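# Per-entry structural report
One letter stands for each residue in the lines below.
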Amino acid sequence: MKKLVVFISGNGSNLQAIIDACNSGELAATIVCVISNKNNVYGLERAQKNNIPTFIKEKFSNQTREQYDAELAELIFTYQPDLIILAGWMRLLSNTFLQCFPRKVINLHPALPGMFPGINAIEQAFNAYQLGHIKQTGVMVHFVPDEGIDNGPVIAKKTVAINSDDDLASLTQRIHQAEHELLIEVLKKI
Ligand code: GRF
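Description of the structure in this document. (Residues numbered from 1 in each chain as written. Predicted model: local features only at pLDDT ≥ 70, side-chain atom pairs only at ≥ 80, totals over all residues. Heavy atoms only, no water.)

### Describing the overall build of the chain
Keep this limit in mind: Numbering of helices and strands runs from the N terminus, with a helix taken as a DSSP run of H or I at least four residues long and a strand as a DSSP run of E at least two residues long. Our radius of gyration looks at C-alpha atoms and nothing else; its globule reference is 2.2 Å times the residue count to the power 0.38. Only protein chains enter the calculation, and the probe is 1.4 Å; a residue is then buried if its accessible area is under 20% of its type maximum, exposed if over 50%, and partly exposed in between. Any pair of residues with heavy atoms lying within 4.5 Å of one another is described as a contacting pair.
For the chain, the helix and strand inventory stands at 6 helices and 7 strands. In the chain, the succession of α and β elements from N to C terminus is β-α-β-α-β-α-β-α-β-α-β-β-α. At 16 Å, the chain has a C-alpha radius of gyration in line with the 16 Å of a compact globule built from 190 residues. In terms of principal-axis extent, the alpha carbons of the chain reach across some 50 × 40 × 30 Å. Across the 190 residues that make up the chain, the buried fraction comes to 48%. Here the contacts in the chain between residues at least 6 apart in sequence split such that 64% fall between residues at least 24 apart.

This is how it looks when you write it as structure tokens:
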């Protein structure tokens, strides 16, 4: 059984896709813990319902980014994970953390490689489509080797069509569906 650690910051629908795939046996893996940098997010409930240990790691204002990341690395290290999955994690990890887990951190981004890094990627893609700048968007999973934002060696990507009758909500829903599928495909592969 491969040991997975999942980092979240919110709703956790991608976490749910991993939980379901582990529970059904589709993935020969177990989630050893879920980390959230925010309190009271629904993803934490999803983990707790499945008896997965959860940790809320909020950053204190008197802490440097490196101190926060060193504490986080120490916590994760005790679990000896095979893979750390950033599934909707909204904090940039510094090299202090990343150098402890080389080739073990992967990130999911709701856009194609090189497109719309950072927050609101789906909205940015939708706006770009309306301006005629792009015809389609997509999702990708990549390794996180360094502090680059939503950037790193691509493991897999999937294009998602944007339809002329789409609004932001319908596109968002299709992107999330594609993310859930791609993430599980990638986890099966690696
Ligand atoms: C996903 O679109 C992820 O790619 C992005 O944030 C969203 C999180 O969704 N970084 P969820 O919390 O997994 O439902």
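Additional details are given in the paragraphs that follow.
### Structural notes on the sheet that holds strand β4 (residues 83-86)
As a reminder, the rule being used: What makes two strands pair is DSSP finding at least two bridges between them. Axis angles are defined between N-to-C directions and span 0 to 180 degrees, where every axis is a line fitted to C-alpha atoms and, for a helix, only to the segment in contact.
Here we have 7 strands laid out as an open sheet, ordered β3-β2-β1-β4-β5-β6-β7, and mixed in their pairing. Edge positions in the sheet fall to β3 (54-56) and β7 (154-161), since each has one partner strand and no second. Ignoring which end each strand starts from, the neighbouring axes of this sheet average 20° apart. Both β4 and strand β5 (residues 105-109) contribute to a ladder of 3 bridges, which runs parallel.

### Considerations on the environment of F126
Looking at where F126 falls in the secondary structure, it is placed in helix α5 (residues 121-130). Classification of F126 as buried rests on a relative accessible area of 10%.

### Regarding the site of the ligand
Which entries qualify depends on this criterion: Nearness is judged by heavy atoms alone; a residue qualifies as near a molecule or strand once a single heavy atom is within 4 Å of it. Here a polar contact means two N or O atoms within 3.5 Å. Within protein one must be a hydrogen donor candidate and the other an acceptor candidate, and residues neighboring in sequence count only if both atoms are side-chain atoms. Only the protein chains shown count as covering a residue, and every accessible area follows the Shrake-Rupley method with a 1.4 Å probe. All amino acids are sorted into three groups, where Ala, Val, Leu, Ile, Met, Phe, Trp, Tyr, Cys and Pro are nonpolar, Asp, Glu, Lys and Arg are charged, and the leftover types, Gly among them, are polar.
Inspection of the region around the ligand gives N11, G12, S13, N14, G88, L108, P110, H176 and E179 as its neighbouring residues. Within the contact set of the ligand, an oxygen atom lies 3.3 Å away from a side-chain nitrogen or oxygen of N11. The separation between an oxygen atom of the ligand and a polar side-chain atom of S13 is 2.6 Å. The fraction of the free accessible surface of the ligand (370 Å²) that becomes covered by protein chains is 85%. Mapped onto the shell around the ligand, the elements with two or more residues apiece are α1 (13-24) and α6 (168-189). Class assignment for the residues of the shell around the ligand results in 2 nonpolar, 6 polar and 1 charged.

### Comments concerning the pairing of strand β1 (residues 2-8)
Our working rule: Note on handedness: a clockwise path from strand one over the helix to strand two, with the strands aimed away from the viewer, defines a right-handed crossover.
With respect to burial, β1 is a largely interior element, 5 of its 7 residues being buried. Relative to strand β2 (residues 29-36), β1 runs parallel, the two being bridged by 7 bridges. Of the residues in β2, the one forming a bridge with F7 is I35. Since β1 and β2 lie parallel, the crossover through α1 that links them has a hand, and here it is right-handed. The sheet contact formed by β1 and β4 spans 4 bridges and is parallel. If you follow F7 over to β4, its bridge partner there is L86.

### Things to note about the nonpolar core
For clarity, the threshold we go by: In this description, a nonpolar core means a group of buried Ala, Val, Leu, Ile, Met, Phe, Trp, Tyr and Cys residues linked to one another through side-chain atoms lying within 4.5 Å.
With 45 residues, the main nonpolar core has V6, I18, I31, I85, I106 and L187 as its most contacted residues. When neighbours within four sequence positions are excluded, L187 is seen to be in contact with I18, L27, L83, I85 and I106. Counting residues in hydrophobic clusters, the runner-up holds 19 residues, among them V5, L72, L75 and L98.

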